[in-house]
Amino acid sequence: DTGVSQNPRHKITKRGQNVTFRCDPISEHNRLYWYRQTLGQGPEFLTYFQNEAQLEKSRLLSDRFSAERPKGSFSTLEIQRTEQGDSAMYLCASSSPPKTGGGNIQYFGAGTRLSVL
Amino acid sequence: DAKTTQPNSMESNEEEPVHLPCNHSTISGTDYIHWYRQLPSQGPEYVIHGLTSNVNNRMASLAIAEDRKSSTLILHRATLRDAAVYYCILRGLASGTYKYIFGTGTRLKVLA
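Residues numbered from 1 in each chain as written. Chains lettered and ligands numbered in written order. Predicted model: local features only at pLDDT ≥ 70, side-chain atom pairs only at ≥ 80, totals over all residues. Heavy atoms only, no water.

S.K.: Please set out the overall build of chain B residue by residue, giving values where relevant.
M.R.: A count of helical and extended segments in chain B gives zero helices and nine strands. Secondary structure elements in chain B, listed N-terminal to C-terminal, are β-β-β-β-β-β-β-β-β. Radius of gyration (C-alpha) of chain B: 13 Å, near the 13 Å computed for a compact globule of 112 residues. Once the C-alpha set of chain B is aligned to its principal axes, its extents read approximately 45 × 30 × 25 Å. Across the 112 residues of chain B, 46% fall into the buried class. Long-range pairs, those at least 24 residues apart, make up 57% of the contacts in chain B between residues at least 6 apart in sequence. When the accessible area of chain B is evaluated, it comes to approximately 5600 Å², of which 47% is carbon and sulfur surface. Averaging the coordinates of the 11 positive side-chain charges in chain B and doing the same for the 10 negative ones gives two points 7 Å apart. (Helix = DSSP H or I, 4+ residues; strand = E, 2+ residues; numbered from the N terminus. Rg over C-alpha atoms; globule rule 2.2 N^0.38 Å. Buried < 20%, exposed > 50% of the residue type's maximum accessible area, 1.4 Å probe, protein only. Contact = heavy atoms within 4.5 Å. Areas by Shrake-Rupley, 256 points an atom, 1.4 Å probe, with all protein chains shown as cover. Lys, Arg positive; Asp, Glu negative; His and termini not counted. Charge placed at Lys NZ, Arg CZ, Asp CG, Glu CD.)

Given below as structure tokens:
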């Protein structure tokens with residue numbers, strides 16, 4: 001178990017460029033979440049996958065954002081035509097199916113910090 | 001989604017116990033109380049969770065009020081490595097996605 005892995009750790013881009021982030025969840029975790037965190041705030045939910053199906057998207061996820069999880073393994077989050085307001089930490093988390101006892105503990109990666117110049 | 005309220009910041013001396021409060025007056029009967037912490041430049045890290053009874057693990061203890069409208073995370077002996085932002089989150093079973101709704105958390109400062 002190597003934990004949730006996110007790449008790259010840091011990304012600097014110019015406004016208008018497209019960026020893509022990758023998340024590798026803990027193996028056998030079928031649930032995967034993306035969150036966004038700006039300075040001084042708690043993480044905000046963006047989207048959720050169960051296996052390869054994207055089951056929920058936040059209103060924060062504008063049409064410039066797209067997430068995929070082909071084959072239910074790794075996931076990618078793409079931002080098209082980046083804006084300065086997209087600058088944030090993008091966090092990925094994964095969890096196994098919930099068990100009794102309120103489980104479904106989400107394990108987070110270290111995040112990808114995006115800076116849009 | 002039920003909300004939580006936490007103090008913005010707290011301070012503690014090293015090796016002393018720390019009690020981090022959380023109010024969740026609109027909690028429903030099926031909501032679990034989860035605590036996470038986030039160290040600088042890292043993702044949130046699971047600390048503990050519970051439903052009604054107090055819980056202990058190697059990291060901390062969770063004390064839940066009898067009416068479940070508040071809870072307290074207890075760090076028995078704070079160390080400098082415990083300096084972090086601590087989040088109290090309600091995770092409802094009714095929500096099919098089990099997403100977390102984070103607040104702004106409590107920033108804990110540990111003084112040497």
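Moving on from the coordinates now.
S.K.: Quick rundown of the nonpolar core? Include the residues and the values.
M.R.: The biggest cluster of nonpolar side chains holds 20 residues, and the ones touching the most others in it are Leu20, Ile33, Trp35, Leu73, Leu75, Tyr86 and Leu108 of chain B. Of all the secondary-structure elements, those providing two or more residues to this core are strand S2 (18–23), strand S3 (31–38), strand S4 (45–50), strand S6 (61–64), strand S7 (70–75), strand S8 (84–92) and strand S9 (106–111) of chain B. A total of four residues in this core trace back to one element, the largest contributor, which is S8 of chain B. Ranked by size, the runner-up nonpolar core spans 19 residues in total, among them Phe21, Ile79, Tyr90 and Leu114 of chain A. (Core = buried A, V, L, I, M, F, W, Y, C linked by side-chain atoms within 4.5 Å.)

S.K.: So, the interface of chain B and chain A: which residues are in play, and what are the values?
M.R.: Each side of the interface is counted separately: chain B has 20 residues, and chain A has 23 residues. When chain B packs against chain A, the two sides together hide about 1700 Å² of surface, and 55% of this comes from carbon and sulfur. Inspection of the region where chain B meets chain A yields one salt bridge. The partner of Glu56 of chain A in a salt bridge is Lys99 of chain B, with the nearest N and O atoms 2.5 Å apart. Summed over the shared surface of chain B and chain A, the number is five residue pairs in polar contact (both at pLDDT 80 or more). Looking at which element gives the most residues to the side of chain B that touches chain A, the answer is S3 of chain B, with four residues. Here the residues of the side of chain B that touches chain A sort into eight nonpolar, 10 polar and two charged. (Buried area = accessible area lost by both parts, 1.4 Å probe. Salt bridge = Lys/Arg side-chain N within 4 Å of Asp/Glu carboxyl O. Polar contact = N/O pair within 3.5 Å; in protein donor to acceptor, adjacent residues only side chain to side chain. Nonpolar A, V, L, I, M, F, W, Y, C, P; charged D, E, K, R; others polar.)

S.K.: I'd like to hear about the side chain of Gln37 of chain A, residue by residue, with values.
M.R.: In this structure, Gln37 of chain A sits in strand S4 (residues 31–37). For Gln37 of chain A, a relative accessible area of 10% translates into the label buried. A polar contact of 2.9 Å, which involves the side chain of Gln37 of chain A, links it to the backbone oxygen of Gln41 of chain A. There is a polar contact of 2.8 Å between the side chain of Gln37 of chain A and the side chain of Gln38 of chain B. For Gln37 of chain A, the residues in contact, after removing those within four places along its chain, are Gly42, Pro43, Ala88, Met89 and Leu91 of chain A together with Gln38 and Tyr87 of chain B.

S.K.: Tell me what's going on with the state of the cysteines, and back it up with residues and numbers.
M.R.: Applying the stated rule across the entire model yields two disulfides over all chains. The partner cysteine of Cys23 of chain A in its disulfide is Cys92 of chain A, sulfur to sulfur 1.9 Å. On the sign convention where negative is left-handed, the bridge of Cys23 of chain A and Cys92 of chain A, at about -70 degrees about the S-S bond, is left-handed. Here Cys23 of chain A, found in strand S3 (residues 19–24), pairs with Cys92 of chain A, found in strand S9 (residues 88–95); they are 69 residues apart in sequence, far enough to count as distant. This pair shows no difference in class: Cys23 of chain A is buried, exactly as Cys92 of chain A is. Here Cys22 of chain B pairs with Cys88 of chain B through a disulfide, and the sulfurs are 2.1 Å apart. (Disulfide = S-S within 2.5 Å.)

S.K.: Can you tell me about the sheet that holds S8 of chain B, naming the residues and giving the values?
M.R.: All names here are of chain B. With mixed pairing, five strands are arranged side by side in an open sheet as S1-S9-S8-S3-S4. A strand with exactly one partner marks an edge of an open sheet, and here the two such strands are strand S1 (9–13) and S4. Adjacent strand axes in the sheet meet at a mean angle of 25 degrees when their direction is disregarded. Pairing of S8 with S9 involves three bridges; the strand directions are antiparallel. Looking across to S9, one finds that Ala84 is bridged to Leu108. (Pairing = 2+ DSSP bridges. Axes fitted to C-alpha atoms, helices over the stretch in contact; angles between N-to-C directions.)

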